[in-house]
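Remarks on the overall topology
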Amino acid sequence: MTAILELDSLTRVFGGLKAVDNVSTKVSEGELCGLIGPNGAGKTTLFNLISGFTPPSSGDVRFKGESITGLPVHKIAHKGMSRTFQNLRVFPNMTVFDNISVGALGMIGVSPFSSIWGGKAKAKEISERSWEMLEKVGLTAHADDLAANLSYGKRKYLEIARALAMNPDLLILDEPAAGMNDSETAELAQFITDLNKTGLTIMLVEHDMGLVMGICQRLVVLASGQKIADDVPSKVRQDPAVLEAYLGGDD
Ligand SMILES: Nc1ncnc2c1ncn2[C@@H]1O[C@H](COP(=O)(O)OP(=O)(O)OP(=O)(O)O)[C@@H](O)[C@H]1O
């Protein structure tokens, strides 16, 4: 399988702490790969290194065969990587539709000449793309609602829709099930599985073990910044180093 993402000896140091310590792995095109580990293991920092929100202290990130290390976030996004955040980052005072349009705008792009050449066509494309994403996440009826008025679970889907509106080749989801109840989590699991079946490569950080074990094809496990396992869920769940990391931690 072709690797869409390659991490080569990624390290990030904060003061004296190695939050991510020499992590290498590959994600294949079309894969649904989970990233797990106890609290403070370095999962979010690794996602930040991949998506450009934090520069690595050393090491390399390759996306679609090209080094993207040190590129700004928007350039990486334009290359086809979008993400959601552990703490929701929707725009509360914008409508649901406008929140998604921001993502579609990122995909289609605007230039100072947009209003002269093809401005209307672009506006139509952004609008169509936004409606398509609204439908995909089941929020069509809420298009005109302020994002602030959506339930927590629906805001999570809104954030995913905005990321999808950028038409990514790699979608990175940071704790999408956090704060969801069991039935919402089961629905989300089905939604992520269906997205993956369309051919979209997905990386997922999640504390809900039932969710990651149930839907991911492979799991990368971090503990104290280091990769301690990288295998199919059935192997990872029996790995002594993984059991030790979780039993020794507070998860
Ligand atoms: N900007 C920062 N400055 C200093 N230390 C940081 C920074 N970001 C993260 N850390 C530290 O790096 C370590 C890894 O944090 P990170 O948030 O990546 O872990 P995590 O696995 O995502 O944790 P959780 O599951 O609790 O979200 C932690 O000890 C954290 O305190």
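The shown structure was predicted, so the numbers you read here are calculated from the model rather than taken from an experiment.

Attention now goes to the site of the ligand. Taken together, the neighbourhood of the ligand is formed by Phe 14, Leu 17, Ala 19, Gly 37, Asn 39, Gly 40, Ala 41, Gly 42, Lys 43, Thr 44 and Thr 45. Looking at the shell around the ligand, the elements with two or more residues in it are β2 (17-28) and α1 (43-51). Ranked by the residues each element gives to the shell around the ligand, the list is headed by α1, at three residues. Its residues assigned to classes, the shell around the ligand comprises four nonpolar, six polar and one charged.

For the rest of this paragraph, the subject is the sheet that holds strand β5 (residues 66-67). Taken together, four strands build an open sheet; the order of strands is β2-β1-β4-β5 and the sheet is antiparallel. Every other strand in the sheet has two partners, leaving β2 and β5 as the edge strands with one partner each. Both strand β4 (residues 58-63) and β5 contribute to a ladder of two bridges, which runs antiparallel. When the sheet's bridge partners are listed, Phe 63 is paired in β5 with Glu 66.

The next point concerns the domain arrangement of the protein chain. When its domains are assigned, the protein chain resolves into domain 1 (1-80 + 168-251) and domain 2 (92-167). If you look at the interface, domain 1 gives seven residues, while domain 2 gives nine residues. Considered class by class, the residues forming the side of domain 1 that touches domain 2 number five nonpolar, one polar and one charged.

What counts and how
Residues numbered from 1 in each chain as written. Predicted model: local features only at pLDDT ≥ 70, side-chain atom pairs only at ≥ 80, totals over all residues. Near = placed C-beta within 6 Å. Helix = DSSP H or I, 4+ residues; strand = E, 2+ residues; numbered from the N terminus. Nonpolar A, V, L, I, M, F, W, Y, C, P; charged D, E, K, R; others polar. Pairing = 2+ DSSP bridges. Domains from an automatic or database assignment. Contact = placed C-beta atoms within 7 Å.

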